Amino acid sequence: MKNYLILVLLAFPMLSVARTLTDKDGQAEFYPKPVVQTPFKHSLSLQLQAGTQGVGADLRFGILSRLSVRGGLSFIPVKANNVLSLPGFQSTNSATINFYNAHLLADFVPFKGMRGFRLVGGAGYLYKADGGLSIIPTGSYTYGNTTVTGADIGNLNMNVSWKGVAPYAGIGLFKSFPSHMFNFNLDLGTYYMTSPSTHIIGTGLLADNSSLEPQFNNNLKDYRWLPVIQLNFNFKLK
């Protein structure tokens with residue numbers, strides 16, 4: 001009798017479980033534990049930047065949790081006067097550097113546990129990418145019985161241009177998007193520019209220097225890398 005009561009007591013919980021696992025037709029049903037997934041939110045931020053390619057701004061958009069794209073503009077206009085000094089030769093001279101680019105880059109996080117490390121690739125269009133040197137001789141110079149002035153010697157202008165499309169590759173350090181309202185990160189990489197084209201224009205006694213263009217171009221043919229060390233300031237928009 002005692003054993004019979006124990007069996008009855010054990011049967012009640014089992015019948016209760018069996019009832020919850022059957023539908024109205026008496027067929028067994030199974031209820032797997034639901035998996036709750038947090039929907040991915042597309043982040044959006046405004047990036048202000050400064051570095052070796054100048055200053056500029058990007059708009060950054062998160063496509064996936066580990067992939068984002070950004071597009072923007074950068075520019076660096078530099079002019080310096082009287083940078084060239086030659087013994088026995090007086091001149092007024094100036095050097096200019098102008099790099100303006102529009103770029104589209106993608107940032108990918110290769111390691112899930114290291115969101116502060118990114119691989120960066122893309123390209124930029126350097127719609128103005130040149131350097132120049134202008135020399136205007138001053139003073140008077142005597143050669144034997146002949147005296148010439150700076151105006152007689154003439155002016156000399158040398159220019160180099162890398163205008164065109166340039167692929168970009170590099171790495172990024174620190175997170176792409178701020179967790180709250182603001183963060184900063186770094187870019188380290190390089191653009192690979194088109195082969196440079198050079199121009200030499202002279203006047204007066206320096207007019208024949210234009211014949212040196214092929215040699216000037218050959219001397220600069222390997223100068224195609226534009227290193228990028230850039231500090232970015234990100235402001236969360238979404």
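Residues numbered from 1 in each chain as written. Predicted model: local features only at pLDDT ≥ 70, side-chain atom pairs only at ≥ 80, totals over all residues. Heavy atoms only, no water.

Q: Could you give me a rundown of the confidence of the model for the chain, with the residues and numbers involved?
A: Of the residues in the chain, 83% reach a pLDDT of 70 or more, and the chain-wide mean stands at 86. Mean pLDDT across the secondary structure elements of the chain bottoms out at helix α1 (residues 2–20), with 46, and peaks at strand β9 (residues 164–173), with 97. Every residue in residues 2–15 scores below 50 in pLDDT, and together they form zero contacts with partners more than four places removed in sequence or on other chains. (pLDDT = per-residue confidence, 0-100. Helix = DSSP H or I, 4+ residues; strand = E, 2+ residues; numbered from the N terminus. Contact = heavy atoms within 4.5 Å.)

Q: If you had to explain the environment of Gly131 to someone new, which residues and values would you point to?
A: Along the polypeptide, Gly131 turns up in strand β5 (residues 117–137). Each C-alpha atom, one on Gly131 and one on Asn98, is 6.4 Å from the other, the two residues being 33 residues apart in sequence. Aside from chain neighbours lying at most four places away, what touches Gly131 is Thr96, Ile97, Met158, Asn159, Val160 and Trp162.

Q: Describe the nonpolar core, with residues and values.
A: Of all hydrophobic cores here, the largest spans 14 residues; its most connected members are Phe99, Leu126, Trp162, Tyr168, Tyr191 and Met193. Looking at this core, the elements with two or more residues in it are β4 (91–108), β5, β9 and β12 (225–236). Top element by residues in this core is β5. It accounts for three residues. Trp162 has contacts with Phe99, Leu126, Ala129, Asp130, Gly131, Met193, Thr194, Pro196 and Tyr223, leaving out every residue within four places of it along the chain. Ile135, Ile153, Leu156 and Ile200 belong to the second largest nonpolar core, which has seven residues in total. (Core = buried A, V, L, I, M, F, W, Y, C linked by side-chain atoms within 4.5 Å. Buried < 20%, exposed > 50% of the residue type's maximum accessible area, 1.4 Å probe, protein only.)

Q: An account of the side chain of Gln49 is needed here, citing residue identities and associated values.
A: You can see Gln49 is positioned in strand β1 (residues 44–51). Taking the relative accessible area as the measure of exposure, Gln49 reaches 4% and is therefore buried. Side-chain polar atoms of Gln49 contact the side chain of Asp58, separated by 3.4 Å. (Polar contact = N/O pair within 3.5 Å; in protein donor to acceptor, adjacent residues only side chain to side chain.)

Q: Can you lay out unusual backbone geometry for me, pointing to particular residues and giving the numbers?
A: Of note in this structure, Asn82 is not a glycine but carries a positive phi near 55°. The backbone phi angle of Phe174 is positive, close to 80°, even though this residue is not glycine. As for its position among the elements, Phe174 is in the loop between β9 and β10 (182–192).

Q: Lay out the side chain of Arg60 with the relevant residues and their values.
A: Mapped onto the elements, Arg60 comes out in strand β2 (residues 54–64). In this structure the side chain of Arg60 is engaged in a polar contact, spanning 2.5 Å, whose partner is the side chain of Gln47.

Q: Could you give an account of the packing of aromatic side chains, naming the residues involved and the relevant values?
A: For the structure shown, the criterion picks out ten aromatic pairs. Geometrically, the ring pair formed by Phe75 and Tyr100 is stacked, given 5.9 Å between the ring centres and 15° between the ring planes. Residue Phe75 is found in strand β3 (residues 67–81), and its partner Tyr100 is found in strand β4; the two are separated by 25 residues along the sequence. Consider the rings of Phe182 and Phe235, whose centres lie 5.2 Å apart with planes at 45°: the pair is tilted. With a gap of 53 residues between them, Phe182 in strand β10 and Phe235 in strand β12 connect regions that are remote in the sequence. The class of Phe182 is partly exposed, set by a relative accessible area of 42%. Site record: aromatic cluster; members linked through ring pairs are Phe75, Tyr100 and Tyr127. When the ring centre of Phe177 is taken as reference, the NZ or CZ atom of Arg60 above it lies at 6.0 Å. (Phe/Tyr/Trp six-rings, centres within 6.5 Å; stacked < 30°, edge-to-face > 60°. Lys NZ or Arg CZ within 6 Å of the ring centre and 35° of its normal.)

Q: So what's going on with the pairing of strand β11 (residues 197–202)? Which residues, and what values?
A: With burial as the criterion, only one face of β11 is covered, namely that bearing Thr198, Ile200 and Gly202; the residues Ser197, His199 and Ile201 on the opposite face remain uncovered. Judged from the six bridges that link them, strand β8 (residues 156–161) and β11 form a sheet pairing that is antiparallel. Across the sheet, the residue bridging to Asn157 is Ile201, located in β11. (Pairing = 2+ DSSP bridges.)

Q: Lay out the pairing of β2 in plain terms, naming residues and giving numbers.
A: Relative to β2, β1 runs antiparallel, the two being bridged by eight bridges. Paired with Gln47 across the strands is Asp58, a residue of β2. Counted between consecutive antiparallel strands, the loop separating β1 from β2 contains two residues. As defined by bridge partners, β2 adjoins β3 across nine bridges and the pair is classed as antiparallel.

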